[in-house]
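Chain by chain, the residues run as shown.
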Amino acid sequence: MATEIFVFGSNLAGRHGAGAALFAKNNHGAIYGKGIGLQGNSYAIPTKDKNLKTLPLEDIKKYIDEFLQFASEHQEYTFRVTRVGCGLAGYKDWQIAPMFYHHSTNCVMPEEWSQYMGI
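Residues numbered from 1 in each chain as written. Predicted model: local features only at pLDDT ≥ 70, side-chain atom pairs only at ≥ 80, totals over all residues. Heavy atoms only, no water.

Q: Is there a simple way to think about the pairing of strand S1 (residues 3-11) in this case?
A: Along any regular strand, the residues point their side chains to alternate faces of the sheet. In terms of strand pairing, S1 meets strand S4 (residues 77-81) through five bridges, oriented parallel. By the bridge assignment, Thr3 is partnered in S4 with Tyr77. Pairing geometry for S1 and strand S3 (residues 42-48), over six bridges, is parallel. What sits directly across from Ser10, in S3, is Pro46. (Pairing = 2+ DSSP bridges. Helix = DSSP H or I, 4+ residues; strand = E, 2+ residues; numbered from the N terminus.)

In structure tokens:
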């Protein structure tokens, strides 16, 4: 069975103090001070800047694209994606979900996103 990686929204300062980021820190090895990428059994996708201000959608899309590339190159993992950007960052599911449309088969998307992704 592939190692499961918890994918969560973070901030560029890596202050995993609330929401899915805090859960990732407490349960999946997310590293305080690291706001991007693989850490323990988690993967951080920035949705806020270093000052905890929500990033524009086009910036979040770049980080999502980096994640999707990483996931496609690491089939040994199963990536359980949370509703990245739809909690503390304040975006709606319909704004974020389509950015994950071309995910690889080792990514498990949130059920709430199925209506926006045709899954």
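Q: Any chance you could explain the environment of Met99 here in plain terms?
A: Within the secondary structure, Met99 sits in the loop between helix H3 (93-96) and strand S5 (107-108). With a relative accessible area of 12%, Met99 lands in the buried category. Taking the C-alpha atoms as reference, Met99 lies 7.9 Å from Asp65; in sequence the two are 34 residues apart. Among all residues touching Met99, those that are not within four sequence positions of it are Leu57, Lys61, Ile64 and Leu68. (Buried < 20%, exposed > 50% of the residue type's maximum accessible area, 1.4 Å probe, protein only. Contact = heavy atoms within 4.5 Å.)

Q: It is not clear to me how the packing of aromatic side chains should be interpreted in this structure. Could you clarify?
A: Given two aromatic rings, one states the distance between the centres and the angle between the planes to describe the pair. Going through the model one piece at a time under the given rule, you end up with nine aromatic pairs. Both rings, one in Tyr77 and one in Phe79, keep their centres 5.9 Å apart while their planes meet at 80 degrees; by these two values the pair is edge-to-face. No difference in accessibility class separates Tyr77 from Phe79, as the two residues are buried. Taking 5.1 Å as the distance between ring centres and 40 degrees as the angle between the ring planes, the aromatic pair formed by Phe100 and Trp113 counts as tilted. (Phe/Tyr/Trp six-rings, centres within 6.5 Å; stacked < 30°, edge-to-face > 60°.)

Q: Please explain the sheet that holds S3 as it appears in this structure.
A: By way of backbone hydrogen bonds, the strands of a sheet pair with one another, either parallel or antiparallel. The five strands lie next to each other as S2-S3-S1-S4-S5, forming an open sheet whose pairing is mixed. A single partner strand is all that each edge strand has here, and the edge strands are strand S2 (37-39) and S5. Contacting S1 and S3, helix H1 (residues 19-27) runs over the sheet at an angle of about 135 degrees to S1. On the sheet, helix H2 (residues 57-73) packs against S1, S2, S3, S4 and S5 and is oriented at approximately 165 degrees with respect to S3. (Axes fitted to C-alpha atoms, helices over the stretch in contact; angles between N-to-C directions.)

Q: Before we go on, may I ask you to explain unusual backbone geometry in this structure?
A: Its identity is not glycine, yet Leu52 carries a phi of approximately 70 degrees, on the positive side. With respect to the helices, strands and loops of the structure, Leu52 is situated in the loop between S3 and H2.

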